[in-house]
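What follows is the residue order along each chain.
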Amino acid sequence: MLANLHGRSSHLLRHSLRSARIWRRSLASTAGGQEKEATPGDRLTIGDVSVRLSKPKNPELVPQQYGEDATNYRNPFPLFFPVKYAEDGSLQLTQSALHHLRWMLQKDALRQDMFLLGQPGPLRRQLAMQFLELTQREVEYVALSRDTTESDLKQRREIHDKAAVYHDQGAVRAALNGRVLVLDGVEHAERNVLPILNNLLENREMHLESGKFLMSPERYDKLLEKHSREQLDEWGLLRVSEQFRVVALGLPTHKYKGTPLDPPLRSRFQSRNVTTYSYGELFEELQLEAPSVPGEQLKQLLSFALALQQADAALQLPDFPLHNLQLGVKMLATNPSLSLHDVIGRIYPYQAMLKPDQKKRVEELLQKLDIQLIPSQSINRITSKAGENSSVVLQLDNLQLTLPGGATAPAPSNFVDLPHQRQALASLLQAYAVGDVCLLGEKGVGKLTLTKELLRLLQQTSEPLMLYEDMTSRDLVQQRITSPQGDTVWRDSPLVRAAKSGSVAILNGLHRLHKSTASVLQRLIHDRELQLCDGTTLLGSKRYQALIQQGLTEEQLTQLGFLPMHESFRIVALSEPPRPGGGQPNWLTPELLSLFLYQELRPLRQSEEQDLLAQLCGGVLPSGMEPLLQLAQRLRSSQDPLLQGLAGTLSTRQLLKLARRLAAYPDSELSDVHEMLQNTFLARFMPALSRNALDQALQQVGIQPGKRDRGTRSKANQISVENQSLRIGATTWERGNPSQAQLSKVPSTLFYEMPQHVELLERLLQDYLIGEHLLLVGNQGVGKNKLVDRLLELMQRPREYIQLHRDTTVHSLTLQATLKDGQVSYEDSALVQAVRSGHVLVVDEADKAPVNVTCILRTLVESGEMVLADGRRIVPAGAGSGLPNTIETHPDFRLIVLANRPGFPFLGNDFFAALGDVFSCHAISNPDPDSEIFLLQQYGPKVPMKTLRTLVNAFGELRSLADEGMLNYPYSTREVVSIVKHLQRYPEENMSEVVGNVLDFDRYQPEALQQVHAVLAKHGIESYAEEEIQAIRRQKTLQASVERHSGLGVSGPKFGKLDPKNEPHVGGNTWAGGSGGRDTAGLGGKGGPFRLDKGHKVHQLSDAEKADVPEEIKKAAREMNRKAFEDKLKEIRMSAHDHQLYAQFSEPNRRQVQQLKAVLEAMQTKSKERQWQKYQTHGDLDDTRLVEGITGEKNIYRRRAEANPWADHVQEKPNRLKLVVDVSGSMYRFNGYDGRLDRQLEAVVMVMEAFEGFEKKIVYDIVGHSGEGWEIPFVVAGSPPKNDKERFEAIRMMHAHSQFCWSGDSTVKAAREACSSLGADQDFDNAIVVVLSDANLSRYGIAPKDLALALKRGEPKVKGYAIFIGSLAEEADEINAEMPAGQSFVCMDLTKLPHILQQIFTSSLL
């Protein structure tokens, strides 16, 4: 399809040989100062469209070498379909490209602006650059992102010599100089940013911040006829060139998420859909790229790619990055033994990024094309040596690769050369040889280790850059700072420094980077070209040399702002794989997919892990590690979603931590494998289902709880200090001789050495001694801060302290920006001070800060590296070597992080899930009873032992209920200590009164209060009920100088007026729905007939004042209340008899309903938290834009607001529940035997009542199964019952169906269909199916494994559970024993079913 286009009869491109050669010579002559004018006859013709070519004023601004290809490693990033010149001077292009270019010539001749649409990738941009190269037009390129502001397009103010100077930006420079403005990534710009160009596009006019005005050439020329140019300049009028054009590049937002075009902006462009080139064109180009690769392989590769491009839209497969095919065939040309499947995996990592059904379709396509799913040939040895011209020669068995290397001396390797690691490294090197690469792997699989070995082999240095969600596009490129003189200057980012110096940029955390910010990398990776914020441009070596050949010197190019990009520069990105179906959008978008070659890293197998750990622990695997390795493999290979979710916690990195601990303390009583795992998984804080599944897995590999004699252990748990040697239990620490300055930062705290805490201190000290950073997680009030402060006090280690919060940012965590004398300076945060001086940094409330902020701690803990906002870089101990702008980590530096437990009711950010694998984790729980009594005795020595034991037992039971999910609040030791302190000071105080100091928070939750009261009464605190407390208080007459009373009496109950505006009303007796008033229906007042909630804040009158109502008023209120209740029943057409029947199913579960509602409300509140919006003109000053404030920009503020719906297009999908109830005849038949049908109807009522009001959070439906069918509808999804009558109708229909249906069982069929249907539903990412059954399976020949398989049909998106609510003999228990752990439950106790459902909902949906 590529042809010499001089010979074509239609749509030909003509560019005379003579003119082309003269043109080139005239450009080359500029170095001697003799510019040769372009020949008047120079023309470019495509088909029937011809344009005259003009000599560019600034040839360096004309795109270069978009017409050349490169085949050697020195520029391994060639363009796909470049402009090529034949020997006779004619230009060679594909027919597809010619059609597009002809259209662009037409639009240019019509002076119309263009918009190129198409799939992600460089094709649109390269087409625009080819057009500019052919027409010899100068370009101004602007990469758009969500951070683009008006000043980035029009004018930016800079400070020079203490004066603000305006610098024209791309749009203005293009307009004034007749250049073509290329706007790349229009879909990424936020709304109302690009419309500032509307008038420039339509009328070629624009007002500038400097006070000047851009005017269309026609109007300007007319004014010039009447006025002089000096007058127009004085008036601030600037002429827009006739040659000014705009070429916008964007993606169709209907398919690729982004900001839709503003209609007025869209109307000013002419659009062109740039489609993929044809099969023939692509095939011939690949043949030219790699002639040694067999044509059959090229056909298979190309057929696979194009088949994916044309796949059914319902499959939602990401686009195949066609332009990366050239990199794939280069790899095949270099190493013919590579399997085609491996090459496809590098370009399109479908195994890591697709859902199971999508992967299945891709594998079917591979088989259809006869592409075998086999790995490439194994590599047995990898060596490297220095080559010529700063290159490095790599030898992979018989394969030789020559790559550009660095200047670092070869260092000894600590890389463990396992076969799997070696194969991964060999694949990585081959991909690295042809392009930039991204390593995909779960946490702790060795991505960073593999990268370091690659750098060692290439003798390269790295520039690490930790990516985070709030990172801006500027942060990736350059940061604006102030010089010592107060001028604004731009400082290079690590990425740019790497490009200039030839280092390797390590982008750690690509999955966290916002897709809009990542778009800045596109031109750098695809074209090896980058426009910097300071106006300079980095060019690839080929393009830079092309400018040199035109006669420009390096000094001239530097003055013009063109710098070369080093040929050895590469990018290696590290990221976690996408989690398809996990409720989060796939971060690996088609745009990001087009940037890199991808190398997947799987977790190690057991034998590989065993060899690795043995080598890293001195050659011998520590005792006790075998069952740990078995457990890790069991979790990774399990098909159970609960166990799969736990596998990431026991990564290779975490196993190495456990192995090092066992190796360091083999004989310690604290080296109990079961207890170590409990801390590693934070098992105490896991949902009940996950915890049960983990316990069963532990038992299966033979890990049992250790049996230690607590009495003997408590005697050994002693703390002593002798001759500056600290001893905790059997562990010692030499304290040394700290200076006075260090001692001033050593914490001091009141601490009572109870046995459990002393044991914890020893465990923490052991981890500290083997070099671990610590993470302490627990409920509130369990002593996390006291434990850490006491440990540091005993060790005499100085402490730096940071408390995180919602507004903590990456900048504030590392540095504090200050403005002084017009200069922005940075003060080190506690983190940097601790790193430099070797202190211990305590990070408190880590769960309160956003995870995208705290994630920057990962590289600091992982590798001792971090890049600060002021350009300095923290490096590991011993790696500084006096390098400028580096802070060497002190060997004594440690990080101790404190966080609340994940999940309800704290609902913080899950720090443990994000970073727990790089810390040594410790779950801090409340003390055991003996330790707690010991502690309370220290705070209340005069409080009777019986009282202390009563409190400990009562609160211990309350905590157990909280752990089981029966109570929402986790009562802690802190509350008990407060009670004991009160009793110590006021011993005559009534116990019930004092307990109320802690428990009165539950007064307004009747269900919780009832349960708390029952527990207290059980332990002898019987007078906590409200009326009894009031009686106790009435016995004691108190006097005070000031009394507060509303002073208003009650006159009689009434409904009150309805406020049409629904405004809040406090006090008074006029409005219905008010608060804290009297007589009317409302909340918090007195004397009203019934409660009426209008959605306003409640102002509560005191209980005493509410009780002080005459009896006749109370009686009238009760009568009015009953009348209103009867009216409500009539309104919903429900008789009193029906309501009484419904109450029999509703009332027993009232407490569980309220508990589940509380969890849902908390989750809903968290999901509605507002987000920071940057670039605002009012709000809180943004520390990261202080320099912009100095220059006079207005959008230097940030404020919290609702998330911009166009910013990410991540519409939160509701959770999905399908409740499959058993309405078979046996349910009715045996209801009299064990109440199974009544039990089920109660559970159904609980579901319907608990989810009322949360329809946007959870969409549910209820279907039944019996001998007559497997999907009998009772509640339709999206149409839940709205009132008691509708809910009663639903359960009455279930009862009737069970009474009259035919016999038979459809349990398995119902489970299979429910899971399959939800798995195929694209409207939900997270769903559960709960099947209720009476365990009457054997009668119909159904095996438990059949039911288990049916419940797995929708995994991982759908989690299936079975609850057996009836059984003859032991059948339910037998079935449950054969089902996977956590997938089935037996519920024969009437009160347990709501609790089991609550467990499932909170662990699976919430």
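For the structure given in this document, a descriptive report is provided here. (Residues numbered from 1 in each chain as written. Predicted model: local features only at pLDDT ≥ 70, side-chain atom pairs only at ≥ 80, totals over all residues. Heavy atoms only, no water.)

1. Points about the overall build of the chain
In plain terms, the rule: Only DSSP runs of H or I covering at least 4 residues are called helices, and only runs of E covering at least 2 are called strands; the numbering of each starts at the N terminus. Exposure categories follow from relative accessible area, calculated using a 1.4 Å probe and restricted to protein chains: below 20% of the type maximum is buried, above 50% is exposed, and the middle band is partly exposed. Here the accessible surface of atoms and residues is derived via Shrake-Rupley with a 1.4 Å probe, and residues count as covered only by protein chains that are part of the display.
Each helix and strand in the chain was counted, giving 59 helices and 52 strands. Every one of the 1406 residues in the chain was classed for burial, and the buried ones make up 56%. Accessible surface for the chain amounts to roughly 60,600 Å². Of this, 49% is attributable to carbon and sulfur atoms.

2. Some details on a negative patch on the surface
Worth spelling out the cut-off: Patches were defined on residues exceeding 30% relative accessible area and lacking a salt bridge, with like-charge contacts within 9 Å and nonpolar side-chain contacts (Val, Leu, Ile, Met, Phe, Trp, Tyr) within 5 Å. When a carboxyl oxygen of Asp or Glu is within 4 Å of a side-chain nitrogen of Lys or Arg, the pair counts as a salt bridge. For the purpose of charge, His is not counted, nor are the chain termini; Lys and Arg are scored as positive and Asp and Glu as negative. Charge placement uses NZ in Lys and CZ in Arg. For Asp and Glu, CG and CD serve respectively.
Where like charges cluster on the molecular surface, the negative patch consists of Glu1370, Asp1373, Glu1374 and Glu1378. Among the secondary structure elements, Glu1374 is positioned in helix α58 (residues 1371–1378).

3. Quick look at the sheet that holds strand β18 (residues 399–404)
Spelled out, the test is: DSSP bridges decide pairing: two strands pair if at least two such bridges lie between them. Think of each axis as a best-fit line through the C-alpha atoms, taken over the contacting stretch in the case of a helix, with angles from 0 to 180 degrees between the N-to-C directions. Any pair of residues with heavy atoms lying within 4.5 Å of one another is described as a contacting pair.
The strand order across the open sheet built from 3 strands is β16-β17-β18, with neighbouring strands paired in antiparallel fashion. In this open sheet, the two edge strands, each paired with only one partner strand, are β16 (382–386) and β18. Each strand of the sheet is rotated relative to its neighbour by a mean of 20°, with strand direction disregarded. Here strand β17 (residues 391–396) pairs with β18 via 6 bridges, running antiparallel. Looking at the pairing, Ser391 lines up with Pro404 of β18. Packed on one face of the sheet, helix α16 (residues 419–432) meets β16, β17 and β18 and runs near 55° to β18. Against the sheet, helix α17 (residues 447–458) makes contact with β16, β17 and β18, and its axis sits at roughly 120° relative to β17, the strand it touches most.

4. Quick look at the pattern of salt bridges
Should their charged atoms come close, side chains of opposite charge can pair. Following the criterion strictly, the structure yields 61 salt bridges and no others. Here Arg579 and Glu442 are joined by a salt bridge, their closest N and O atoms 2.8 Å apart. One end of the pair, Arg579, is in the loop between β27 (570–575) and α24 (590–593); the other, Glu442, is in the loop between β19 (437–441) and α17, and 137 residues separate them in sequence. For Arg579, a relative accessible area of 44% puts it in the partly exposed group. What makes Glu442 partly exposed here is its relative accessible area of 30%. For the salt bridge of Arg653 with Glu862, the shortest nitrogen-to-oxygen distance reads 2.3 Å. Linking Arg653 in helix α28 (residues 652–664) with Glu862 in helix α38 (residues 857–863), this pair joins segments that are 209 residues apart in sequence. Glu862 sits in the partly exposed class, given a relative accessible area of 26%. If you follow the salt bridges from partner to partner, you end up with Glu138, Glu140, Arg173 and Arg179 in one network.

5. Thoughts on α28
Keep this limit in mind: For a helix, the expected span equals 1.5 Å multiplied by the number of residues minus one.
Here α28 is 13 residues long and its end C-alpha atoms lie 18 Å apart, about the 18 Å a rise of 1.5 Å per residue gives. For α28, the full list of buried residues reads Thr652, Gln654, Leu655, Leu656, Lys657, Leu658, Ala659, Arg661 and Leu662.

6. Thoughts on the packing of helix α42 (residues 973–985) against helix α43 (residues 991–999)
Filter applied, for reference: Between 65 and 115 degrees an angle is taken as roughly perpendicular, under 35 as roughly parallel, over 145 as roughly antiparallel, and anywhere else as oblique. Whether a crossing is left-handed or right-handed is set by the direction in which the near helix is turned from the far one by less than a right angle, anticlockwise for left-handed and clockwise for right-handed. Classes in brief: Ala, Val, Leu, Ile, Met, Phe, Trp, Tyr, Cys and Pro nonpolar; Asp, Glu, Lys and Arg charged; the others, Gly included, polar.
Two numbers describe how α42 lies on α43: the axes approach to 9 Å, and their chain directions differ by 140°. Considered as vectors, α42 and α43 are oriented oblique to each other. As α42 packs across α43, the resulting crossing turns out to be right-handed. Two secondary-structure elements touch here, α42 through Glu975, Ile979, His982 and Leu983 and α43 through Met991, Val994, Val995, Asn997 and Val998. The class makeup of the residues in the contact of α42 with α43 is 6 nonpolar, 2 polar and 1 charged.

7. With respect to the sheet that holds strand β30 (residues 725–728)
Read from one edge to the other, the open sheet built from 3 strands follows the order β29-β30-β31, with strand pairing classed as antiparallel. Whereas interior strands pair on both sides, the edge strands pair on one side only; in this sheet they are β29 (719–722) and β31 (731–734). The average undirected angle you get between the axes of adjacent strands in this sheet is 20°. Alignment of β30 against β31, held across 4 bridges, turns out to be antiparallel. Across the sheet, Arg727 pairs through a bridge with Thr732, a residue of β31. Most of the contacts of helix α34 (residues 784–795) go to β30, to which it runs at about 145°, and overall it touches β29, β30 and β31.

8. Looking at the packing of helix α41 (residues 945–963) against α42
Viewed as axis vectors pointing N to C, α41 and α42 meet at an angle of 155°, and their least axial separation amounts to 11 Å. Relative to α42, the element α41 is oriented roughly antiparallel. For α41 against α42, the interelement crossing comes out right-handed. On α42, the residues touching Thr947, Leu948, Leu951, Phe955 and Arg959 of α41 are Thr973, Glu975, Val976, Ile979, Val980 and Leu983. Split into classes, the residues belonging to the contact of α41 with α42 amount to 7 nonpolar, 2 polar and 2 charged.

9. Some words on the packing of aromatic side chains
Keep this limit in mind: Note on aromatic contacts: the rings of Phe and Tyr and the six-membered ring of Trp form a pair at centre separations within 6.5 Å, being stacked when their planes are under 30 degrees apart, edge-to-face when over 60 apart, and tilted otherwise. Note on geometry: a ring has a charge over it if NZ (lysine) or CZ (arginine) is within 6 Å of the ring centre and within 35 degrees of the ring normal.
If you walk through the whole model with that rule in mind, you get 12 aromatic pairs. For the pair Phe304 and Phe320, a centre-to-centre distance of 5.9 Å together with 85° between the ring planes defines the contact as edge-to-face. A residue pair is termed long-range when its members are at least 10 positions apart, and Phe304 in helix α11 (residues 295–309) and Phe320 in the loop between α11 and α12 (325–334) qualify at 16 residues. Neither Phe304 nor Phe320 differs from the other in exposure class; each is buried. Plain terms: the ring middles of Tyr969 and Tyr971 are 4.9 Å apart, the flat faces sit at 80° to each other, and that makes the pair edge-to-face. The exposure class assigned to Tyr969 is partly exposed, which follows from its relative accessible area of 34%. Here a set of aromatic residues connected by ring pairs shows up, and it is made of Phe304, Phe320 and Tyr348. Its guanidinium or amino end placed over the ring of Tyr141, Arg523 lies 4.1 Å from that ring's centre, counting from NZ or CZ. Over the aromatic face of Trp1270 sits the side chain of Lys1309, whose NZ or CZ is 4.6 Å from the ring centroid.

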